[in-house]
Structure formats: structure tokens, C-alpha cells
Amino acid sequence: MRMIDVADTDNNQKVDFEEFVLLMKDADRDGSIQRATVEKKKMEGDNKVDLKKAEQELKKRLGRPNLSRDDLNASVYGNLSAVRIEETPQFVAAKTKEFDTILESTAAAKKANVTLAKEKVPEQLDDRHKLMFLRAELYLVVLQQKAVDRCCRHWDFVLDIFGPEKAFLPLTQEGALRDDLEILKLPVLNDTLMKDDFGQHVLFLDKRSVALTKYEARALCRATFYTFQNRLEEDEEAQKNGVVVQILTPTSPTTWNIKFSKKMLSWIRQGAPVRLACAHMMYPAPFFSIMFRVTRILAGELSSRLKIFGGSESEVMENMKKFGLDRDRIVKNLGGTLVLEREQWLQERADAGK
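Analysis parameters
- Residues numbered from 1 in each chain as written.
- Predicted model: local features only at pLDDT ≥ 70, side-chain atom pairs only at ≥ 80, totals over all residues.
- Heavy atoms only, no water.
- Helix = DSSP H or I, 4+ residues; strand = E, 2+ residues; numbered from the N terminus.
- Buried < 20%, exposed > 50% of the residue type's maximum accessible area, 1.4 Å probe, protein only.
- Contact = heavy atoms within 4.5 Å.
- Areas by Shrake-Rupley, 256 points an atom, 1.4 Å probe, with all protein chains shown as cover.
- 1 Å grid on protein atoms, 1.4 Å probe; cavity = no way out; pocket = protein on both sides within 12 Å on 5 of 7 lines; lining within 4 Å.
- Points joined across faces, edges and corners; volume = space filled by probe spheres on them.
- Nonpolar A, V, L, I, M, F, W, Y, C, P; charged D, E, K, R; others polar.
- Phe/Tyr/Trp six-rings, centres within 6.5 Å; stacked < 30°, edge-to-face > 60°.
- Salt bridge = Lys/Arg side-chain N within 4 Å of Asp/Glu carboxyl O.
- Disulfide = S-S within 2.5 Å.
- Pairing = 2+ DSSP bridges.
- Axes fitted to C-alpha atoms, helices over the stretch in contact; angles between N-to-C directions.
- Core = buried A, V, L, I, M, F, W, Y, C linked by side-chain atoms within 4.5 Å.

Undergrad: Any details on the overall build of the chain? Residues and values, ideally.
TA: Assigned secondary structure in the chain consists of 16 helices and 5 strands. For the chain, the residues scored as buried account for 54% of the 354 residues in total. Here the analysis covers contacts within the chain between residues at least 6 apart in sequence; of these, 75% occur between residues at least 24 apart. When the accessible surface of the chain is split by element, carbon and sulfur atoms take 50% of a total near 16600 Å².

Below, the structure is given as C-alpha cells:
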């Protein structure tokens, strides 16, 4: 992860040619490129799902060896993103209590920002807040305290991008985003208000229409976080079922803000209170193979959830049907019929005090 900071020697939010050479040499030296290339080949297949393997992995993760096939909802992506857990009041109460117990025993330094948040905005760290992280980790709080770790990293991220003066303000246009109103208008991460056939919410990340290197990475993160986090807080189905992010890939390295990508991918991997079902990387440009290698490095264990969809528009749209998305649920920028009105969406939220 740190190699990007090393490569961006002039700290201008983009990687110039000489810096990129340095970055790729480092990646080649530690074997990251070779691993990414192998994974890319695997990913460019027809994405077959091994249901038996998914079932065995789920039983192991949940510590439930007697779990039946009827209990499973295997994802079309061949991962556990679509697993559904029955949430009875008794089950939820027990799991939130376990969450509190593990958080209490977590090292003070590790949970420093969570502790600060509890002091500043205790109403935000209620059981609903804890549930988002428990759902993201399929309630694996006892086995590996993953939900608690995710919560700690989430608040680390919030403090990092907003700073202590705004981190605890309401996540509204008049609150934490009051100085970011212009950058909020940029159609970077967009809520399509749509779900696929499997109940997973669809977001659209446009890395082609906006020259992202013109903007500071943390500012882009704040605007993106506003869209992402508000969807999660308002939509329990998105928390339970996960999200799909459709990405219109950049056409040039000069418009690819790597530091923004690094920060957001780190949060999604380790801090976001949601499961990423898949990221659809659409219509790759000629230089994309290079970008893809770096993105796979940044994505870490989520790299298997990055899938490429290239070819003609009709071919891509036909592929989308296999993943539960018809044209009317795909934005026009990607070949669908869905038209997004970013400023209208923002105005409606502002009128509602959001």
C-alpha cells in the first residue's frame, strides 16, 4: 500500500510517467504484478460459481458444520456476499452484547477513535450502528472480532478524511459536508436507487467523466463517503445483502487519482459497514491492464471481487443480464437506459435536511 506514496514523489495526487515506472518496478520486485496477472486471467473467464466450495467455506466461517443447503443463498459471483442470516430479536441482542464485550477488551490505542466518537456523539454508536458492522462480517464477532475491528477502522477513516473538527458533525450538506458542496456535485459515486435481482444495491462510480487528479484525495473521499454511508444508514437491505459497484474506468492514467482509490479501497476492505458483492469494471481502455494490476494490489483480499466487462455495448449488456441487471437498472453512461440527475438528488436531500 505504501508504494504509491513513495512513487508519487511530487505529491500531486497523480502518478507521472517516471513515478509510474518506479511504482511498477516495486510491484514487479515483490511479485505483486505476477500475482495480479494470474488473478486477472482467472477473472476474465465466465465467472463460474462453485456452490459446493461456497457451502463448505460458509460452514467453516460461521462455525456451523451442520448448515443445510436450504440455509444458503449462494452468490452469483461465487462468494459469500449474498448469504442471508436470520435475525431474530434474541439473536441480534446476543450478538450486539458480544460486540460490546469484545470492544471493551480491545486495546485502547486500537479503539481510540471509537472511544472518541462515543464521547462526542454517543447517539451515533447505538445498536443500529453496531449491526451494520456485524452484518458486514456475517456476525463473526466471537470467532475473530472482525466486526469490532471493522468498526475501529471505520472511525479511523472518518477522522482521517474529515478531521476532528468535522468528523462528529451530522453527515449532511449543512453539517460535515458544508465546505464540500461544489465537489459533491461531481458525478463520481452515484446512488442509482436500484437493486439487482439478488437484492444487492447498485452504485455507479464514474472515473471517466471527471478528471479526478484535479481534486484533493480526501475531498473526493468525503463526497464519496456521503453517498455510500447515507445509503447504508437508510437502507437495511443494503446492509444485509451487500452492494455492487459498477465502474466506468478511466481512459488515461492522468485522470486516475490513485491516492483517492487507495483510501477508498482501504476503507471498503477493512472499515466499511457493508459487504462488497462485486465491482464491475466496465469498458476498459487500452491502458487498463496496467491500472488493473495496481488496483488488484490495492484491493487485497477483495481482488477476486473485481470483474472486467469489455467488448461492445450489446455484449456488455448481455453479460449484465447474467448478473441480474437489465438495461433499465444500468446507467446510460454504461449502455443502459437509467438517467441520473445528480444535482436534483442532492437538492432533494438538502431539502430533507440530509
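From this point, things continue past the structure.
Undergrad: Please set out the layout of surface pockets residue by residue, giving values where relevant.
TA: Approximately 550 Å³ is the volume attributed to the second largest pocket. If you trace the second largest pocket, you find 28 residues lining it, with Q124, H129, L171, Q229 and E233 closest to the centre. Mapped onto the lining of the second largest pocket, the elements with two or more residues apiece are α7 (127–136), α9 (146–162), α11 (217–234) and α12 (236–241). A class-by-class count of the residues in the lining of the second largest pocket yields 11 nonpolar, 7 polar and 10 charged.

Undergrad: Residues and numbers for the packing of aromatic side chains, please.
TA: The relative placement of two aromatic rings is captured by the distance of their centres and the angle of their planes. Throughout the structure, instances matching the rule amount to 9 aromatic pairs. Here F157 and F225 contribute two aromatic rings whose centre-to-centre distance is 5.9 Å and whose plane-to-plane angle is 55°, an arrangement assigned as tilted. Of this pair, F157 sits in helix α9 while F225 is found in helix α11, placing the two residues 68 residues apart along the sequence. Considering the side-chain rings of F162 and F225, the 5.9 Å spacing of their centres and the 70° angle between planes classify their relative orientation as edge-to-face. Pair noted here: F162 is in helix α9 and F225 is in helix α11, with a separation of 63 residues, a long-range link. Note on accessibility: F162 and F225 belong to one class, buried.

Undergrad: Help me get a handle on the pattern of salt bridges, residues and values and all.
TA: Tallied over the full model, the rule gives 22 salt bridges. Residues E87 and K240 are paired through a salt bridge, measuring 3.9 Å at the closest nitrogen-oxygen approach. Of this pair, E87 sits in the loop between α4 (51–62) and α5 (89–105) while K240 sits in helix α12, placing them 153 residues apart in sequence. The class for E87 is partly exposed, based on a relative accessible area of 23%. Salt-bridge contacts for D197 lead to R329; the nearest nitrogen and oxygen are separated by 2.7 Å. With D197 in the loop between β1 (189–195) and β2 (201–206) and R329 in the loop between α15 (313–322) and α16 (342–351), this pair connects stretches of sequence that are 132 residues apart. Judged by its relative accessible area of 51%, D197 is exposed. Relative accessible area serves as the criterion here: at 16%, R329 is assigned to the buried category.

Undergrad: With reference to specific residues and values, describe the state of the cysteines.
TA: The full count for this structure, using the stated rule, is 0 disulfides. C152 forms no disulfide, and the closest cysteine sulfur to it belongs to C151, at a distance of 5.9 Å. Taking the relative accessible area as the measure of exposure, C152 reaches 2% and is therefore buried.

Undergrad: Now, about the pairing of strand β4 (residues 276–282): what can you tell me, with residues and values included?
TA: The element β4 is extensively covered by neighbouring structure, given that 7 of its 7 residues are classed as buried. Looking at chain direction, strand β3 (residues 243–248) and β4 are connected through 6 bridges and run parallel. If you follow V244 over to β4, its bridge partner there is C278. By the bridge criterion, 4 bridges tie β4 to strand β5 (residues 306–309) in an arrangement that is parallel. Among the inter-strand pairings, A279 is bridged to a residue of β5, identified as L306.

Undergrad: An account of the sheet that holds β3 is needed here, citing residue identities and associated values.
TA: A sheet is described by the order of its strands in space; here 5 strands give the open sequence β1-β2-β3-β4-β5, paired in mixed fashion. At either end of the open sheet lies a strand with only one pairing partner, and these are β1 and β5. Going from strand to strand, the sheet's axes swing by 25° on average, the running direction of each strand aside. Alignment of β1 against β2, held across 5 bridges, turns out to be antiparallel. Residue pairing for β2: N190 is matched across the bridge by F204.

Undergrad: Which residues make up the environment of N333, and what values go with them?
TA: With respect to the helices, strands and loops of the structure, N333 is situated in the loop between α15 and α16. Residue N333 is classed as partly exposed on the basis of its relative accessible area of 43%. Along the chain, N333 and S209 lie 124 residues apart, while their C-alpha atoms are 9.4 Å from each other.

Undergrad: Account for the nonpolar core, with residues named and values stated.
TA: F99, W155, F162, F225, F228, F260 and W267 are the most contacted members of the largest nonpolar core, which totals 62 residues. Per-element accounting of this core gives the leading share, 10 residues, to α9. Counting residues in hydrophobic clusters, the runner-up holds 15 residues, among them V202, Y283, V331 and L338.

Shape is all these values report; function is a separate question.
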